[in-house]
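As a plain string of letters, each chain reads:
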Amino acid sequence: MRSIVLYYSQSGNTKRVAELLATSMGTMALRYTCPAFDGSPFGGLRQAWSIFSYATPKIILPKEFDGHYDLVVMAGPVWGARPASPLRAILKQKPLLGLKQAIFLTCEGSSARFPGEKALSEACALCAQPPVAAELFKAIDLANDKVGIKVDAFAESLRRATAPDTTAADPTRSTDQTSQASDAAA
Ligand SMILES: Cc1cc2nc3c(=O)[nH]c(=O)nc-3n(C[C@H](O)[C@H](O)[C@H](O)COP(=O)(O)O)c2cc1C
């Protein structure tokens, strides 16, 4: 299976989880950028405006992204209890629309008024089709040495969600199931 982790990150938290996840999945993590915010004069103001107006900025996909993947894991931070605007922008990108997607967000996670969980639900709803798996990483997870365990568990859920269904192709299993069903009926 060919997969990729595609992330946006400003202060490095999403980058860190994306790289750990890519290692756990045996794939690459690629960063997409948002020139209007990153290192641009008035970038902070534009970013704040995107939170209040819900506008989506222009984003740039990394040149290594070739669009031929069985699974794309989309990632980004939470801003104002919503998926960060560059993440909302990438979820609308045409090259990604037909691909199987998973999602993770990172957030501070300590404010009940600005919950990351709400942002994660919104990000899932914005995906072209329901994501195969979704996860939220909070500051407390990242501060913990065990962040790798949570990342590995997420990678495992992605493997399970994208594993080919061998049930129908396995005649032995099919026979077992038939006989179990007959036993149950008797
Ligand atoms: C403008 C802005 C708004 C944020 N809003 C929230 C929020 O509503 N809820 C939350 O838990 N964290 C919030 N955070 C914290 C970030 O989601 C968190 O630090 C995230 O891990 C940053 O990811 P990054 O380091 O990859 O950029 C906000 C951070 C910024 C810069």
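Note that the coordinates shown come from a computational prediction; the quantities given were computed from them, not determined experimentally.

Undergrad: What am I meant to see in the confidence of the model for the protein here?
TA: Low pLDDT means the predicted atomic positions in that stretch should not be read closely. Looking at the protein as a whole, the pLDDT averages 89, with 89% of positions reaching at least 70. Ignoring residues within four places in sequence, the model shows residues 171-186, a span with pLDDT below 50, making two contacts including any to other chains.

Undergrad: Just checking my understanding: could you explain the site of the ligand for this structure?
TA: In the region of the ligand, 18 residues are neighbours, and Ser9, Ser11, Thr14, Val78 and Ala81 sit closest. The contact in question runs from an oxygen atom of the ligand to an N or O atom on the side chain of Thr14, over 2.6 Å. Glu108 places a polar main-chain atom, nitrogen or oxygen, 3.1 Å from a nitrogen atom of the ligand. Notes on the ligand: free accessible area 640 Å², of which the protein chains cover 78%. Elements represented by at least two residues in the shell around the ligand include exactly helix H1 (13-25), helix H2 (43-53), strand S3 (71-79) and strand S5 (101-107). With three residues, S3 is the single largest residue contributor to the shell around the ligand. Of the residues that constitute the shell around the ligand, the class distribution is seven nonpolar, 10 polar and one charged.

Undergrad: Where do I start with the packing of aromatic side chains in this structure?
TA: Centre distance and the angle of the planes are the two values used to describe a pair of aromatic rings. Evaluated as defined, the whole model comprises seven aromatic pairs. Aromatic pair Tyr8 and Tyr32: ring centres 5.9 Å apart, planes at 35°, arrangement tilted. Taken together, the residues span a long stretch of sequence, with Tyr8 in the loop between strand S1 (3-7) and H1 and Tyr32 in the loop between strand S2 (28-31) and H2 at a distance of 24 residues. Ring plane angle 70° and centroid distance 6.4 Å describe the contact between Phe137 and Phe154, whose orientation is recorded as edge-to-face. Here Phe154 lies in helix H7 (residues 147-162) and Phe137 lies in strand S6 (residues 134-138), a separation of 17 residues in the sequence. Across the pair, exposure class does not vary: Phe137 and Phe154 are buried alike. An aromatic cluster is present here, built from Tyr8, Tyr32, Phe37 and Trp79 joined pairwise through their rings. The aromatic ring of Tyr54 is capped on one face by Arg82, whose charged end is 3.8 Å from the ring centroid.

Undergrad: Which parts of the structure should I look at to understand the pairing of S5?
TA: Most of S5 is tucked away: seven of the seven residues are buried. Covered by surrounding structure in S5 are Gln101, Ile103, Leu105 and Cys107 together with Ala102, Phe104 and Thr106, the residues of both alternating faces. Pairing of S3 with S5 involves six bridges; the strand directions are parallel. Counterpart to Gly76 in the pairing with S5 is Leu105.

Undergrad: Looking at this model, I keep getting lost on the side chain of Asp141. Mind explaining?
TA: Structurally, Asp141 can be placed in helix H6 (residues 139-143). Among the residues examined, Asp141 registers a relative accessible area of 16% and is labelled buried. With residues near it in sequence (within four places) discarded, Asp141 still touches Leu136, Val147 and Lys150.

Reading the values: rules and limits
- Residues numbered from 1 in each chain as written.
- Predicted model: local features only at pLDDT ≥ 70, side-chain atom pairs only at ≥ 80, totals over all residues.
- Heavy atoms only, no water.
- pLDDT = per-residue confidence, 0-100.
- Contact = heavy atoms within 4.5 Å.
- Near = heavy atom within 4 Å.
- Polar contact = N/O pair within 3.5 Å; in protein donor to acceptor, adjacent residues only side chain to side chain.
- Areas by Shrake-Rupley, 256 points an atom, 1.4 Å probe, with all protein chains shown as cover.
- Helix = DSSP H or I, 4+ residues; strand = E, 2+ residues; numbered from the N terminus.
- Nonpolar A, V, L, I, M, F, W, Y, C, P; charged D, E, K, R; others polar.
- Phe/Tyr/Trp six-rings, centres within 6.5 Å; stacked < 30°, edge-to-face > 60°.
- Buried < 20%, exposed > 50% of the residue type's maximum accessible area, 1.4 Å probe, protein only.
- Lys NZ or Arg CZ within 6 Å of the ring centre and 35° of its normal.
- Pairing = 2+ DSSP bridges.

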